2 protein chains.
Amino acid sequence: MNDHSRSTPRSGGRAARRAARAAALPEHLRPVRPGLEGGTYEPLGQQDMERIHAAALDALETIGLADAPPSGIDYLVSAGCALGDDGRIRFPRALVEDTIARANRSVTLYSRDGKTDLELSGNRVHYGTAGAAVSMVDAQGRNYRDSTVQDLHDAARICEQLDNIHFVQRPMVCRDIADNREMDLNTIYACCSGTYKHIGTSFTDPSYVAPAMEMLHMIAGGEDKWRERPFVSNSNCFVVPPMKFATESCQVMEECIKAGMPVLLLSAGMAGATAPSTIAGAIVQATAECLAGLVYVNAVSPGAPAVIGTWPFGLDLRTGAMSVGSGEQALLSAGCAQMHKFYDMPGGAAAGASDAKLPDMQAGWEQMCSNIMAGLSGLNMVYEAAGMHASLLGFCFESLILGDDLIGQALRCVRGIEVNDDTLAVDQIAEVCLGGPGHYLGTDATLGRMQADYVYPTLGDRTSPKEWAELGKPDLIARATARKEEILGQPSPARFDPALDARIRSRFNIHLPA
Amino acid sequence: MNDHSRSTPRSGGRAARRAARAAALPEHLRPVRPGLEGGTYEPLGQQDMERIHAAALDALETIGLADAPPSGIDYLVSAGCALGDDGRIRFPRALVEDTIARANRSVTLYSRDGKTDLELSGNRVHYGTAGAAVSMVDAQGRNYRDSTVQDLHDAARICEQLDNIHFVQRPMVCRDIADNREMDLNTIYACCSGTYKHIGTSFTDPSYVAPAMEMLHMIAGGEDKWRERPFVSNSNCFVVPPMKFATESCQVMEECIKAGMPVLLLSAGMAGATAPSTIAGAIVQATAECLAGLVYVNAVSPGAPAVIGTWPFGLDLRTGAMSVGSGEQALLSAGCAQMHKFYDMPGGAAAGASDAKLPDMQAGWEQMCSNIMAGLSGLNMVYEAAGMHASLLGFCFESLILGDDLIGQALRCVRGIEVNDDTLAVDQIAEVCLGGPGHYLGTDATLGRMQADYVYPTLGDRTSPKEWAELGKPDLIARATARKEEILGQPSPARFDPALDARIRSRFNIHLPA
């Protein structure tokens, strides 16, 4: 068939190519990587973005935000905001524009081992988990049950093994820990002991930040080491849309900033409930709220690392129930991504979540729709990109594992079409057609692209119906379950060394067994 | 909760809204429609497209195409092509550019009843079935079996009921009809008696066109009526890539053109086998081949309706097997769509097909990936958009039915984000926040968007885990099977009237039972 396969027994050619491909490629040769550049999809025109920006400025200047904590009022008034008789903080246009001009153009979110740092800027795209699911989806048993700290740890361990999951924002809450302080501290422990990748958490009370920092300093090897490379960021739901500060969460944010922890300025309005029902309107409000947050952050500490977190969600307007798997949702997140580019600021939004209860065909199409649109629009941080079901209520390991394949494909699309003399291939066409073999199989040009250009699914099935039948008609979910059990059956590479672990356990009430 | 729901018993509000939504909307009020404008996704820059164009012209001028039939050689040489000593037809740049300049900027593909005509131009997007699957997928039995003429008829009947399937290119071959001539004639009968939507077929031999036209004239009510509104087009695989004419298929094409049947100039190379392995190279070759076809068509009959059919497919380079569900495939088709825009000519490509054997999560993500990218890139005809599995070998009714939901969502994304004073909603935000209810639920602005802006899935599930459990945890595929049985249990609205049917049956050997 070709020179390369002829050098091995014929029946071994295919198997040999499979084996060659199975060997891990060095990072720089991989067809997809974290931080690939999106931006080829632009749901908003330049004028659209200018109008959204103008509307957000209008809203900030004339409507403003209520419910800032006293400390926040002080910061914001000192920065140039006006406190109205109605208790609302209003933002002069010049202050907002000045803050945008001086804001960070990039933020680095560190990994614990330095191998998977995330450089957020421009159109660089990263996918990861996120959320606050309250249930675990048992895909085999078709059942929902409360999520636990062990589930969270297991999720982190699985993410550690998935190339296309670039960060681990905690996707579910530990419902087996009743005390909120213990839950927050165990959340950090469970994630950090499961993965080296960048971690996201979310504090429920400002007073929990100090003990968490104590734990993080222990893990980092000292406060200076932590401040040099903070490997945990905080998702701050600093607003309660529409246009109200979340008082306690703002206090959390102040604590995080002072402790050197990057913050995600998370505005999670629901279009039709807590945000306008129009896509443009929901983007306007989220943009306004996040710009308010940006002024706040920079008033606390100029240049503190903050990610713009415009996370408007969709709603099923017939029922008033949240809906995150819709086309409207995909447009909301992609439109937000473009506004981040408009401001040239690092940003994130939610995509890849499904309304389906199980990892079925609906889950596949919903997860791909918003994930691909987020990636193509150049979203820096695609949160909730894998494993999320039931409109954010359930997290599913099988879906997470299959999500790695799904996101790999999305990343291939984000990488896009390379056009140069080599790829245009006119010489190749001539060589093949004019006296050549009449096909491209096995040419050096083709074999050279086999690994560098093509993404192969890990569990996605490409067999012929005949091969598939011979293999016993493998079930996609059963294969994902097997992979899950394989990963969880192995020791966690990110586990703390025993001495550190003992110190943490003597200082904190750690729920995970040692 | 809001003024509108208060007017009915509280528990009835949600049910009432569901019921209101269940009533069919008039076409012009629907949130999605055939022909929505894409084009917000541009995988190729202007310079990229110019380079691809230049490379295609190079290939046509220096490599040319082999194997034209004698009639084709006459047409092409008369038009200005050169026949080389090597038997290849080469195309001077000026001739190709002149043909492009004079080519149709739009093509109408007619429906039989005038209700679902397709206007192909600019970025207008339409989704439909296509292909030549040899198997039917039994989703419940997890089995593949030979496809039959009854399956084809049933597929047409199902498509007739699905709003987001805009045309019915025959998706599978009738393997229970051994004689090719009978198969081609029964293909047309089975499709036309199942749907009023525009139909695509593909003739295996030039001599079958004449009897097929006889049948189509009978169905249309005369040759003049047929020529006025030809409701069947022919998918012409007029090339055998790389760069060879398919001799017989070219003869078929000549017959179709003379009979007033629109043709799809279909170039179906496989990247890495019959086309270069690079995405750009595969697009160059497909573009060159289709431009050759365009010169051919216009040499036979200037201005004859032709759709540019750059259909490069992906390959799994490890195994040499076709792969249509990959990110590479999505890029191939989206890149081709952009080349159609570059030429401002109506075009189609393949998207939405899956490598998965069953309608599972993989099928969902693969089908959405290329369908959404094709739509966003403004592809006029998205062929193979629903129901196709096993890398085009299998067609599945459940998947087709679920594809209607999937494509509805894709169309919502194609429709995009409307930005105007109304949708920017600053007044609404002010009203809600400043002395208003503090939320947008039930406001007139929200309720007004409920039907006009939001696409609701027919079978896609949005229940909460609790509701879902109460409903007995409905299975997505089982629901699709029930819908299939419901549709096929009803009489076909497109069935011929008995007199016409009797005349057709007396003239042709029709395999479908009367």
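Calculation criteria
- Residues numbered from 1 in each chain as written.
- Chains lettered and ligands numbered in written order.
- Predicted model: local features only at pLDDT ≥ 70, side-chain atom pairs only at ≥ 80, totals over all residues.
- Heavy atoms only, no water.
- UniProt positions renumbered as here; feature names shortened; annotations may be inferred.
- Helix = DSSP H or I, 4+ residues; strand = E, 2+ residues; numbered from the N terminus.
- Rg over C-alpha atoms; globule rule 2.2 N^0.38 Å.
- Buried < 20%, exposed > 50% of the residue type's maximum accessible area, 1.4 Å probe, protein only.
- Contact = heavy atoms within 4.5 Å.
- Lys, Arg positive; Asp, Glu negative; His and termini not counted.
- Charge placed at Lys NZ, Arg CZ, Asp CG, Glu CD.
- Pairing = 2+ DSSP bridges.
- Buried area = accessible area lost by both parts, 1.4 Å probe.
- Salt bridge = Lys/Arg side-chain N within 4 Å of Asp/Glu carboxyl O.
- Polar contact = N/O pair within 3.5 Å; in protein donor to acceptor, adjacent residues only side chain to side chain.
- Domains from an automatic or database assignment.
- Arc of directions from axis to C-beta.
- Least-squares fit on C-alpha atoms with pLDDT ≥ 70 in both.
- Expected span 1.5 Å × (residues − 1).
- Axes fitted to C-alpha atoms, helices over the stretch in contact; angles between N-to-C directions.
- Parallel < 35°, antiparallel > 145°, perpendicular 65-115°, else oblique.
- Left-handed = near helix turned anticlockwise from the far one by under 90°.
- Right-handed = clockwise from strand over helix to strand, strands pointing away.
- pLDDT = per-residue confidence, 0-100.
- Phe/Tyr/Trp six-rings, centres within 6.5 Å; stacked < 30°, edge-to-face > 60°.
- Lys NZ or Arg CZ within 6 Å of the ring centre and 35° of its normal.

Chain A is annotated in an unreviewed UniProt entry as Methyltransferase from Ruegeria intermedia. UniProt annotates chain A under Sequence similarities (unreviewed entry) with the comment "Belongs to the trimethylamine methyltransferase family."

(A) Looking closely at the overall build of chain A. Scanning chain A from N- to C-terminus turns up 20 helices and 19 strands. The C-alpha atoms of chain A give 24 Å as radius of gyration, which agrees with the globular expectation for 514 residues (24 Å, within 12%). A principal-axis box enclosing the C-alpha atoms of chain A has dimensions of 85 × 55 × 50 Å. Buried residues in chain A amount to 63% of all 514 residues. Within chain A, contacts between residues separated by at least 24 positions form 76% of all contacts whose residues are at least 6 apart in sequence. With 45 positive and 61 negative side-chain charges, chain A shows a spacing of 5 Å between the two charge centroids.

(B) Local environment of the environment of Q46 of chain A. Residues and elements named next belong to chain A. Of note, Q46 is situated in helix 3 (residues 46–63). Classification of Q46 by relative accessible area gives partly exposed; the value is 47%. For the pair Q46 and F342, spaced 296 residues apart in sequence, the C-alpha separation works out to 8.5 Å.

(C) The arrangement of the sheet that holds strand 8 (residues 143–146) of chain B in detail. Residue and element names in this part refer to chain B. Spatially, the four strands line up as an open sheet ordered 8-7-19-18, and their pairing is mixed. Two strands close off the open sheet at either side, each with one partner strand: strand 8 and strand 18 (388–389). Two elements, strand 18 and strand 19 (residues 394–395), share two bridges in a ladder whose sense is antiparallel. The residue of strand 19 that forms the bridge with M388 is F395.

(D) View of the interface of chain B and chain A. Taken together, the contact pairs 118 residues of chain B with 118 residues of chain A. When the buried surface of chain B facing chain A is broken down by residue, R318, M361 and W365 of chain B rank first, second and third, together holding 9% of it. On inspection of chain B and its partner chain A, the count reaches twelve salt bridges. Ionic pairing is found between D355 of chain A and R462 of chain B, a salt bridge with its closest N-O pair at 3.7 Å. Linking chain B with chain A are 38 residue pairs in polar contact (both at pLDDT 80 or more). Residue contributions to the side of chain B that touches chain A peak at twelve residues, all from helix 13 (residues 361–376) of chain B.

(E) Quick peek at the sheet that holds strand 19 (residues 394–395) of chain A. Strands sit in the order 8-7-19-18 (chain A) across an open sheet of four strands; the sheet is mixed. Each edge of the open sheet carries a strand with a single partner, namely strand 8 (143–146) and strand 18 (388–389) of chain A.

(F) Just the domain arrangement of chain A, in detail. Residues and elements named next belong to chain A. Here chain A is described as being made up of domain 1 (46–99) and domain 2 (104–415). Taking the mean C-alpha position of each, domain 1 and domain 2 sit 25 Å from one another. Counting from both sides, the interface comprises 26 residues of domain 1 and, opposite them, 25 residues of domain 2. Of the roughly 2200 Å² buried between domain 1 and domain 2 on both sides combined, carbon and sulfur atoms contribute 79%. Area buried by domain 1 at its contact with domain 2 is led by M49, L65 and Y75, which between them contribute 27% of it. For the pair domain 1 and domain 2, the number of links is zero salt bridges. The interface formed by domain 1 and domain 2 contains six residue pairs in polar contact (both at pLDDT 80 or more).

(G) Spatial organisation of helix 5 (residues 93–102) of chain A. Residue and element names in this part refer to chain A. Here helix 5 has its buried residues at L95, V96, T99 and I100. For helix 5, the angular spread of buried residues about the axis comes to 135°, placing them on one side. Those residues of helix 5 that are exposed and aimed more than 90 degrees away from the buried face are A94, A101 and R102. Where helix 5 is buried, its residues touch helix 3, helix 4 (70–79), helix 11 (279–300) and helix 12 (327–343).

(H) The arrangement of unusual backbone geometry in detail. Cis geometry marks the peptide bond from P241 of chain A to P242 of chain A, where omega comes out at 5°. Unusually for a residue other than glycine, L392 of chain A sits at a positive phi of about 85°. Tracing the chain through its elements places L392 of chain A in the loop between strand 18 and strand 19. On the basis of relative accessibility, which here comes to 14%, the residue L392 of chain A falls in the buried class. A positive phi angle is found at E384 of chain B, which is not glycine, with a value near 65°. Assignment of secondary structure puts E384 of chain B in the loop between strand 17 (381–383) and strand 18. Taking the relative accessible area as the measure of exposure, E384 of chain B reaches 2% and is therefore buried.

(I) Expanded view of the relation of the copies chain B and chain A. Of the transformation placing chain B onto chain A, the axial shift is 0.0 Å and the rotation is 180°, giving an RMSD of 0.0 Å. One copy is carried onto the other by what is essentially a two-fold rotation axis. Interface overlap between copies: 100% of the residues of chain B at the interface are likewise at the interface in chain A, consistent with a symmetric, same-surface contact.

(J) The arrangement of the pattern of salt bridges in detail. This model, assessed by the stated rule, comprises 54 salt bridges over all chains. Here E328 of chain B and R412 of chain A are joined by a salt bridge, their closest N and O atoms 3.6 Å apart. Of this pair, E328 of chain B sits in helix 12 (residues 327–343) while R412 of chain A sits in helix 14 (residues 397–415), each in a different chain. By relative accessible area, which is 3% here, E328 of chain B ends up buried.

(K) Helix 10 (residues 247–258) of chain A, seen in detail. Residues and elements named next belong to chain A. Taking 1.5 Å per residue, twelve residues should reach 16 Å; helix 10 reaches 17 Å between its end C-alpha atoms and fits that length. As for helix 10, its buried residues are in contact with helix 4, helix 8 (209–220), strand 11 (232–236), strand 12 (263–267) and helix 11. Among the residues trailing helix 10, G260 stands out with phi positive, at a value near 80°.

(L) Representation of the packing of helix 8 (residues 209–220) of chain B against helix 20 (residues 498–507) of chain B within the structure. All names here are of chain B. Look at helix 8 against helix 20: their axes get within 10 Å of each other, and the N-to-C directions meet at 170°. Taken as axis vectors, helix 8 and helix 20 run roughly antiparallel relative to one another. Crossing handedness for the pair helix 8 and helix 20: right-handed. Residue-level inspection shows E214, M215, M218 and I219 of helix 8 in contact with helix 20, the latter providing L500, R503, I504 and R507.

(M) Highlighting the side chain of E384 of chain B. Despite its burial, E384 of chain B remains without a salt bridge, the nearest opposite charge being carried by R170 of chain B at 8.1 Å. If we skip the residues at most four places from it in the chain, E384 of chain B touches G128, T129, A130, G131, W311, F313, A350, A351, G352, A353 and L392 of chain B.

(N) Representation of the pairing of strand 13 (residues 306–310) of chain A in the model. Residues and elements named next belong to chain A. Summarising burial for strand 13: five of the five residues are buried, a large majority. The alternating pattern of strand 13 places A306, I308 and T310 on one face and V307 and G309 on the opposite face, and all of these are buried. Bridge analysis of strand 12 against strand 13 gives five bridges, and the strand direction is parallel. Bridge pairing in strand 13 places S267 opposite T310. A crossover connection joins strand 12 to the parallel strand 13 through helix 11; in handedness this β-α-β unit is right-handed.

(O) Examining the confidence of the model for chain A more closely. Residues and elements named next belong to chain A. On average, residues of chain A score 94 in pLDDT, and 95% of them reach the 70 mark or higher. Ignoring residues within four places in sequence, the model shows residues 1–12, a span with pLDDT below 50, making 13 contacts including any to other chains. Here the complex is predicted with pTM 0.95, and the ipTM for its interfaces comes to 0.95.

(P) Main features of the pairing of strand 10 (residues 198–201) of chain A. Residues and elements named next belong to chain A. Side chains of strand 10 alternate between two faces, with H198 and G200 and I199 and T201 buried alike. Across three bridges, the pairing between strand 9 (residues 167–169) and strand 10 is parallel. Among the inter-strand pairings, Q169 is bridged to a residue of strand 10, identified as G200. Assessed by its sense of winding, the connection that carries the chain from strand 9 through helix 7 (residues 180–192) to strand 10 is right-handed. Note that strand 10 and strand 11 share three bridges and pair parallel. Bridge pairing in strand 11 places I199 opposite V232.

(Q) Fine view of the packing of aromatic side chains. Residues and elements named next belong to chain A. One pass over the structure, following the stated rule, counts 20 aromatic pairs over all chains. Pairwise contacts between aromatic rings join F167, W311, F313 and Y383 into one cluster. One cation-aromatic arrangement involves R507 over F508; the distance from NZ or CZ to the ring centre is 5.1 Å.

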